[in-house]
Amino acid sequence: MASDMEKSQQYDGKNMALFEDEMDTSPMVASLLSSLANYSNLPTGSKEHEEAENNEEGPRPSKKPIKAPQLGTLMGVYLPCIQNIFGVILFLRMTWMVGIGGVLGSFIIVFMCCSTTMLTAISMSAIATNGVVPAGGSYYMISRSLGPEFGGAVGICFYLGTTFAGAMYILGCIEILLIYIVPQAAIFKMEGLEGPEAEAALLNNMRVYGSLVLGLMALVVFVGVKYVNKLALLFLACVIFSILAVYAGVIKTAIDPPVFPVCILGNRTLLTKAYDVCAKTVELDNDTVPSQLWRTFCDSDALNATCDEYFSNNNVTEIQGIPGVTSGILAENLFGYYLEKGVILEKRGLASVADEEGPSPTSNRYVMSDITSFFTLLVGIYFPSVTGIMAGSNRSGDLRDAQKSIPIGTIAAISTTSIVYMSSVILFGACIEGVVLRDKFGEGVNGNLVIGTLAWPSPWVIVIGSFFSTCGAGLQSLTGAPRLLQAISRDGIIPFLRVFGHGKANGEPTWALLLTAGICEIGIIIASLDAVAPILSMFFLMCYMFVNLACALQTLLRTPNWRPRFKFYHWALSFLGMTLCLSLMFICSWHYAIIAMGIATCIYKYIEFCGAEKEWGDGIRGISLSAARFALMRLEEGPPHTKNWRPQILVLVSVDAEQNVEQPRILSLTNQLKAGKGLTIVGTNVVGTFLNNYADAQRADQSLRRLMETERVKGFSQVVISSNLRDGTSHLVQVGGLGGLKHNTILVSWPQNWKHPDSHLRLKDFVEVVRETTIASLALLVPKNIASYPSNGERFTEGHIDVWWIVHDGGMLMLLPFLLRQHKVWRKCKMRIFTVAQMDDNSIQMKKDLITFLYHLRIDAAVEVVEMVRHSMDHTLRFLRRSHPCMFPSHIQSITDVSRGSIRRKNPTSLRVPQIGEEGASVAERPEEENSAPTGHMSHNTPGGGTASPDCEVQRTWTDKGGAKDQSQASAGKPEAGKDLFNMKPNQFNLRRMHTALRLNEVILKKSKEAKLVLLNMPGPPKNRMGDENYMEFLEVLTEGLNRVLLVRGGGREVITIYS
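This is a predicted model, so every value here is computed, not measured.

Engineer: How would you summarise the overall build of the protein chain if you had to cite specific residues and measurements?
Structural biologist: Of the regular secondary structure elements, the protein chain holds 34 helices and 17 strands. A burial count over the protein chain gives 52% of its 1060 residues as buried. Long-range contacts, defined here as pairs at least 24 residues apart, represent 79% of the contacts in the protein chain between residues at least 6 apart. As displayed, the protein chain offers around 49700 Å² of accessible surface, 58% of which is attributable to carbon and sulfur atoms.

Pasting the structure below:
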C-alpha cells in the first residue's frame, strides 16, 4: 500500500494515472526520448564485453567523459577514403598495367573495378543510413544485416584482406626503398647476377627488410596509435602532392617534354647499365673507338672482334621515353602486349633482323619481362588500388552525422579516385612510350620510377611521396585490422577468438595486434607484390559481395525496419554489384577464389555449430521467414505424393512434477528415425490453467529443448496447458504443426502399469489417442518397453529387425525398418519380414510375390511365410480362467463345445483383436459396438451364490481346478441376479480375439524371440469405450515375452511405392 501511495504521489499531476501500474516496464516518452538522443556509438559487442569485464573486476575509477564526435564529411569520410584508395598500385604498377594491357584493356579493368566499388558504396550507404551505425563499420553492417554466421565469416575475410593489404603496402615500401632510393642498401647483392639468381636475391632482400619494417610498424602501433592518426594527414598530403605532380608533368609534356632517352638495339630495349652512350662506337679525337655497349656484346674492344649476331645485324637507335601528350603515341599503346616470363621488351613498328639462335636466356643486356602476364592477372593486381571504400564507415563512431556523411563522403571519394584512375590510364598511354610503360622497374630509363619520369618538377616527388604514402597505408592497416579482430572477438560469435578481445587497460588490442603481425609476416615471406595483391583482392571482393547481398536481401524482403535515409539504391544495382564481385573473384584467380570461399564456408559452419547464438534481426532470418511462408503456402496446395511422403512425427511425452521428461529414451528412438528428414514436434501437457501454470509450461518447454539438444533431435517443442491430461493430448494431436507442415505420425510410448488403479487416466488417454489417430488418418507408432530401447551411443553389431506383416497398412511396416537402418545404431541389423498365411492360402506363391514386391521396393530383407494352423480353444479357455477370471466364469461346462461350433460356423477373415463382452450367447449375436463392457464393472454370481466384486479382475484368483477364491468380502447381490446363471455363454467374438492373440504370440515368440526389434501391426481400438481394458489385455497377450516391440498402425494411405 505504501508503494502504491508513493507511486500515485510521484505521478500526481502528470496525467498518467491510467498507466501508473505499467511505469516500471513502460517508461514515459519524455525519459525515453532523452535516452535515445544520447545514444552511445559504442558497438554492441564491445559494450557487452566491457560491461561484463566491469562486473567481473569490480567497480573501476570513473573515466573521463567521452567527447561528442565532431568529424564531418570531409575530414571524417572523404579524405580517409581518398588516402586508403590511392596507394602503392597507382605508383608502382599502374604504368606497367597500361603498357601490358593497352589503354583499352586497362580502361576496361579500371571501369569494372571502379563500377564494383561504386555499386558496393551505394549498397553500403543504404545499410549505413538504415538507423544509427555503431562504431565498427563494415563488419557491424554485414553481421547485423546477414546474421552472425555470415557476419563472422565475412568479418574474418575482411580482416584477412586488411592484414594482407598491410603486407602489400610494406612490400611496396621496401621495393621503392631498395630499387629507387638506396639500391646499395641491399643485403643480398644483385650486381652481376642474372635471371633466377637476381630474382631470388631481390625477394630475399624484400623478406629481410619487410620483416624489419613490419616489426617497427607493429611497435609504433603498440606504443601509440594516436601518433599514427596524427601522421595520417601528412601521409595524405604526400599522396595528393604526388598525384598533382603527375598531372603537372602531363601538362608540361604538351609544352616541353622531359628528356628520358631509351636505347633500342633493333627493336629490343637495352638495360641502362649496359651502355654509357647509345651507340656501337663513338668518335674520339677523329678516331672511332668501341663504346661500352660494344664491349657488352663483343668479345674484345677491337673493331673486328666477334660480336653477338643480333648486335651485328641490327642498328642502335635512341628514342624518347616520354614523347608527350601531343605525340600521337596513344594509338600505338591502344592495344595490349602480353608477355611470357623472360621475354625481351620490344618496340612495336621497328624493323629488326631476327637472331637465328635466339637471345641468350641469361642475357644481362636487355630489359626482360619478370612474370608471365595476362588479362586476369592484371585484374588481380589492380583491384587492391580501388579498395579502401570502407574507411569512412569504419570511423562511424567519430562522425557528427554518420547517416549523412558516409554516403556523401564515400561516393564522392570513389568518384574522385575513379576519375583519377581512368584519366591516368589515358594520359599514361598518351604520354609515355610503350617499352617504357612495360618496363616495370624502369631499367631502361636509368632505374627511375616510370611514373616519376612523367612527374614535374622532379621524379623524386613521386618517389618520396609514394614511399611515405605506402608507409602510412601500412600503419593504417596494422591499426585497423587488430581493431576489427577485437570487435569480432568481443561479439563472442567465434569462441576460439575470444582471447583476442582483450588488450591493454586503454582498450588497445595487444593480442590481436600480435596475430595480425604474424599473418602479415606470411605476406612478407611471399615477398612478391604481384603475388600478394590477388590474395587480398579475394578477401575484399568477398566482403563487398556480401555488402551487396545484404542490401539486396533487405530491399527484396521489405522488412518493416528497412527504412534507409539514402534513397538512391535499388535491389537490381545490389545484385549487379554482387555479380561483378563474384565474377572478378574468379577472373582474378579461380583457385584463390575457391580457397577464400572455402575459408569463409568453414568459418560459417563453425559459427553455425559452435558459435554463440545471436539474434540481431538480420536479413537471413527474414529470408528464412519468407521462404518458410512461401513453402508452407505451396504445401497447402495438396497432399504430398507417395514418393515425397516421410514421417512427420509428433512425439507425445509426459513430464513429472519437476517438469522433466519421464521417458527420455523415446527421443532416442525419434533421433534414430530422423533419416526421413521430416518434421519433428515433441509435445507435452501441463495440467492446470494458463494464468496459474504458465511458468510450469515454460519450464517444461525448456526441459524438452534440453533433452532434444542432448538427443540431437532437430525439431520443435510444444507445451499446452489444459484442465486434464485427456484434453491436453487431444489439443496437441489437433493443433500441432502449421498449414501443410503438419504431423502425419504420432509416436507415443506404451502406458506402463496401466492395470494399476492410479494409471486409469493414462490408460484411457492412450486408447483415446489410438482412436483419434484412426479418425484423423494419422499413423501411430507405439514402442513397448521403451526403457530397453538402445540409446544413440549404442551399436548393434548383429541381429535382426523382424517385421510381422499381418495386414496391409500402406507400407509403414516396410518403411520404418529402412529408416532405422540408416542410423548407426541399427545399421548392422538385418531385416526379416514374416507374413501370415491361412489354411486356404498358397504360402509358396505368397513368398514368391513378397520377394518380388520387396525387389521392386529396393529393400533387402529375408522373407518367410508362417502358416497359421487351426487349434482348439481349450488352451485359450484355460488361459482365460487363470489370468482373466472376470471375463469367463469357470463353472460353465458347455463353453468349449459352443466355441468350437462358433468357429466352424464363422471362419474369421481378420486377425484383429476383439473386445470382451459381459453377457452370454445373446450378446454374441449383437453388433461389435454394442457387445462390449468393461471388465472392471462386470458383476456376476459366484458358484457360492454371491455376487462378485466389481474389482474381481484384480482381487480374484483361480485355483488349478478352476474354482474361485474370494479375497474380499462379497457384496450383497440382487435376489433375481442368479436366475439366468446357467443360461450365460461367453462372448464368442471376444474369445476368438483372445485366441488369435495367443496364437500369434506363440508364433512370434518362436521366430523372433532373439530379434533386436519386432514391428507388427497394431489392431484397431474398440468402437465402444466400455471395452478399453479388454483391448489393452489383447495387446498385452499379443506382445508378451518380447523385449522390444514397435506396434505400428498405418494412416490409411500408401507411404511407399515401387515407382521412381
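Alright, that's what it looks like, and here's the rest.
Engineer: An account of the confidence of the model for the protein chain is requested, with residue identities and associated values reported.
Structural biologist: Looking at the protein chain, pLDDT values average 78 and 78% of them are 70 or higher. Of the regions scoring below 50 in pLDDT, residues 39-66 engages in 29 contacts with residues more than four places distant in sequence or in other chains. Of the regions scoring below 50 in pLDDT, residues 888-986 engages in 164 contacts with residues more than four places distant in sequence or in other chains.

Engineer: Describe the environment of Thr-774, naming the residues involved and giving the relevant values.
Structural biologist: Tracing the backbone through its elements, the reader meets Thr-774 in helix 26 (residues 760-775). For the pair Thr-774 and Gly-1052, spaced 278 residues apart in sequence, the C-alpha separation works out to 8.4 Å. Filtering out sequence-adjacent residues up to four positions away, Thr-774 remains in contact with Pro-1021 and Arg-1049.

Engineer: An account of a positive patch on the surface is requested, with residue identities and associated values reported.
Structural biologist: Together, Lys-674, Lys-677, Arg-712, Lys-714, Arg-795, Lys-824, Arg-827 and Lys-828 make up a positively charged patch on the protein surface. Here Arg-795 lies in the loop between strand 10 (779-784) and strand 11 (800-805).

Engineer: Can you tell me about the packing of aromatic side chains, naming the residues and giving the values?
Structural biologist: Describing an aromatic ring pair means giving the distance of the ring centres and the angle of the ring planes. In this structure the tally under the stated criterion is 21 aromatic pairs. Ring centres of Phe-164 and Phe-539 lie 6.3 Å apart, and the angle between their planes is 15°; this geometry places the pair in the stacked category. Residue Phe-164 is found in helix 7 (residues 138-181), and its partner Phe-539 is found in helix 19 (residues 529-557); the two are separated by 375 residues along the sequence. Neither residue differs from the other here; Phe-164 and Phe-539 are each classed as buried. Measuring from centroid to centroid gives 5.9 Å for Trp-571 and Phe-575, while their planes differ by 85°, and the two rings are edge-to-face. Taken together, the residues Trp-571 and Phe-575, both in helix 20 (residues 571-588) and four residues apart, mark about one turn of the helix. Each member of the aromatic cluster is reached from another via a ring pair, and the members are Phe-158, Phe-383, Phe-540 and Tyr-544. One residue, Lys-440, lies across the ring of Trp-96, its end atom 4.4 Å from the ring centre. Over the ring of Trp-750 we find Lys-784, and its NZ or CZ is 5.4 Å from the ring centre.

Engineer: Break down the pattern of salt bridges for me, citing the residues and quoting the values.
Structural biologist: A complete count under the given rule lists 22 salt bridges for this structure. Close ionic contact of Glu-175 with Arg-93 constitutes a salt bridge, the shortest N to O distance being 3.0 Å. Of this pair, Glu-175 sits in helix 7 while Arg-93 sits in the loop between helix 5 (88-92) and helix 6 (94-128), and the two are 82 residues apart along the sequence. Each member of the pair Glu-175 and Arg-93 is classed as buried. Between Lys-784 and Glu-1036 there is a salt bridge whose closest N-O contact spans 3.3 Å. Taken together, the residues span a long stretch of sequence, with Lys-784 in strand 10 and Glu-1036 in helix 34 (residues 1028-1039) at a distance of 252 residues. Linked by salt bridges that have partners in common, Arg-93, Glu-175, Asp-370, Lys-440 and Asp-530 make up one network.

Engineer: Go over the state of the cysteines, please, and point to the residues and values.
Structural biologist: Applying the stated criterion to the full structure yields two disulfides. Here Cys-263 connects covalently by a disulfide to Cys-278, the sulfurs 2.0 Å from one another. Where Cys-263 bonds to Cys-278 through sulfur, the torsion about that S-S bond is close to 85°, and the disulfide is right-handed. Of this pair, Cys-263 sits in strand 1 (residues 261-265) while Cys-278 sits in the loop between strand 2 (268-269) and strand 3 (281-283), and the two are 15 residues apart along the sequence. There is a disulfide in this structure between Cys-298 and Cys-307, and the S-S distance comes to 1.7 Å. Because the torsion about its S-S bond is 105°, the bridge between Cys-298 and Cys-307 counts as right-handed. Assigned by exposure class, Cys-298 and Cys-307 land together as buried. The closest cysteine sulfur to the non-disulfide-bonded Cys-113 is located on Cys-588, 6.8 Å from its own sulfur. Judged by its relative accessible area of 0%, Cys-113 is buried.

Engineer: I'd like to hear about the packing of helix 25 (residues 725-735) against helix 26, residue by residue, with values.
Structural biologist: Their axes nearest at 10 Å, the elements helix 25 and helix 26 cross at an angle of 25°. Considering their axes alone, helix 25 and helix 26 lie roughly parallel with respect to each other. Read as a crossing pair, helix 25 and helix 26 show a hand that is right-handed. Judged by residue contacts, Leu-725, Arg-726, Thr-729, Ser-730 and Val-733 of helix 25 engage Arg-762, Asp-765, Glu-768, Val-769 and Glu-772 from helix 26. Class assignment for the residues of the contact of helix 25 with helix 26 results in three nonpolar, two polar and five charged.

Engineer: Can you lay out the environment of Ser-574 for me, pointing to particular residues and giving the numbers?
Structural biologist: Its place among the elements puts Ser-574 in helix 20. Distance from Ser-574 to Met-124, taken between C-alpha atoms, is 9.6 Å for residues 450 residues apart in sequence. The contacts of Ser-574, once residues within four sequence positions are left out, are Ser-123, Asn-548, Cys-551 and Ala-552. Within the structure, the side chain of Ser-574 is placed 3.0 Å from the side chain of Ser-123, a separation counted as a polar contact.

Engineer: Give a description of the sheet that holds strand 10 that names residues and reports values.
Structural biologist: Pairing is mixed in the open sheet, where ten strands are placed in the order 8-7-6-9-10-17-16-11-12-13. Edge positions in the sheet fall to strand 8 (716-722) and strand 13 (862-867), since each has one partner strand and no second. Each neighbouring strand pair of the sheet contributes to a mean axis angle of 20°, computed without reference to strand direction. Summarising the sheet, strand 9 (residues 745-748) and strand 10 pair through three bridges and their orientation is parallel.

Engineer: Run through a nonpolar patch on the surface, naming residues and quoting values.
Structural biologist: A cluster of nonpolar side chains, contributed by Leu-216, Leu-219, Val-220, Phe-222 and Val-223, occupies part of the molecular surface with about 450 Å² of accessible area. Position of Leu-219 among the secondary structure elements: in helix 8 (residues 195-223).

Engineer: I'd like a rundown of the pairing of strand 12 (residues 830-837), residues and numbers included.
Structural biologist: Extensive coverage of strand 12 is indicated by the burial of six of its eight residues. Note: strand 11 against strand 12, six bridges, orientation parallel. Bridge pairing in strand 12 places Ile-801 opposite Met-831. With helix 27 (residues 812-820) bridging strand 11 and its parallel neighbour strand 12, the resulting β-α-β unit is right-handed. Where strand 12 meets strand 13, six bridges bridge the pair, whose relative direction is parallel.

Engineer: Mind laying out the packing of helix 6 against helix 14 (residues 402-431), listing which residues take part and the relevant values?
Structural biologist: The geometry of helix 6 relative to helix 14 is characterised by a closest axis approach of 9 Å and an angle of 170° between their N-to-C directions. Here helix 6 is positioned roughly antiparallel relative to helix 14, judged by the angle of their axes. Looking at the contact of helix 6 with helix 14 residue by residue, the classes come out as 21 nonpolar, ten polar and no charged.

Engineer: Could you give an account of helix 19, with specific residues and numbers?
Structural biologist: The end-to-end C-alpha distance of helix 19, which contains 29 residues, comes to 42 Å, matching closely the 42 Å that a straight helix rising 1.5 Å per residue would cover. The buried fraction of helix 19 is high, at 27 of 29 residues.

Engineer: Let's hear about the environment of Pro-459: which residues, and what values?
Structural biologist: Summarising the element assignment, Pro-459 is placed in helix 17 (residues 459-491). The exposure class of Pro-459 is buried, given its relative accessible area of 19%. Along the chain, Pro-459 and Ser-242 lie 217 residues apart, while their C-alpha atoms are 9.7 Å from each other. Among residues more than four places away in sequence, those in contact with Pro-459 are Phe-260, Asn-448, Gly-452 and Thr-453.

Engineer: I'd like a rundown of the side chain of Arg-771, residues and numbers included.
Structural biologist: Assignment of secondary structure puts Arg-771 in helix 26. If we ignore the near neighbours within four places in the chain, the residues touching Arg-771 are Pro-1021, Pro-1022, Asn-1024, Arg-1025 and Asp-1028.

Engineer: I'd like a description of unusual backbone geometry, backed by residues and values.
Structural biologist: The omega angle of the peptide bond from Trp-456 to Pro-457 is 15°, so this bond is cis rather than trans. Here Pro-457 lies in the loop between helix 16 (450-454) and helix 17. In this structure, Asn-446 takes a positive phi of about 65° despite not being glycine. Considering the arrangement of structural elements, one finds Asn-446 in the loop between helix 15 (434-437) and helix 16. A positive phi angle, close to 60°, is found at Arg-858, a residue other than glycine. Summarising the element assignment, Arg-858 is placed in the loop between helix 28 (843-857) and strand 13.

Engineer: How would you sum up the nonpolar core? Please name residues and give values.
Structural biologist: Met-94, Val-110, Met-168, Tyr-382, Tyr-421 and Phe-428 are the most contacted members of the largest nonpolar core, which has 164 residues in total. Broken down by element, this core gets its largest block of residues, 25 residues, from helix 7. When sequence neighbours within four positions are dropped, the list of residues in contact with Tyr-382 reads Ile-89, Met-94, Met-97, Ile-109, Val-110, Cys-113, Cys-114 and Tyr-421. Within the second largest apolar cluster, 47 residues are counted, among which are Val-651, Val-682, Ala-779 and Leu-815.

What counts as what
Residues numbered from 1 in each chain as written. Predicted model: local features only at pLDDT ≥ 70, side-chain atom pairs only at ≥ 80, totals over all residues. Heavy atoms only, no water. Helix = DSSP H or I, 4+ residues; strand = E, 2+ residues; numbered from the N terminus. Buried < 20%, exposed > 50% of the residue type's maximum accessible area, 1.4 Å probe, protein only. Contact = heavy atoms within 4.5 Å. Areas by Shrake-Rupley, 256 points an atom, 1.4 Å probe, with all protein chains shown as cover. pLDDT = per-residue confidence, 0-100. Patch = residues over 30% accessible without salt bridge, like charges linked within 9 Å, V, L, I, M, F, W, Y side chains within 5 Å. Salt bridge = Lys/Arg side-chain N within 4 Å of Asp/Glu carboxyl O. Lys, Arg positive; Asp, Glu negative; His and termini not counted. Charge placed at Lys NZ, Arg CZ, Asp CG, Glu CD. Phe/Tyr/Trp six-rings, centres within 6.5 Å; stacked < 30°, edge-to-face > 60°. Lys NZ or Arg CZ within 6 Å of the ring centre and 35° of its normal. Disulfide = S-S within 2.5 Å. Axes fitted to C-alpha atoms, helices over the stretch in contact; angles between N-to-C directions. Parallel < 35°, antiparallel > 145°, perpendicular 65-115°, else oblique. Left-handed = near helix turned anticlockwise from the far one by under 90°. Nonpolar A, V, L, I, M, F, W, Y, C, P; charged D, E, K, R; others polar. Polar contact = N/O pair within 3.5 Å; in protein donor to acceptor, adjacent residues only side chain to side chain. Pairing = 2+ DSSP bridges. Right-handed = clockwise from strand over helix to strand, strands pointing away. Expected span 1.5 Å × (residues − 1). Core = buried A, V, L, I, M, F, W, Y, C linked by side-chain atoms within 4.5 Å.

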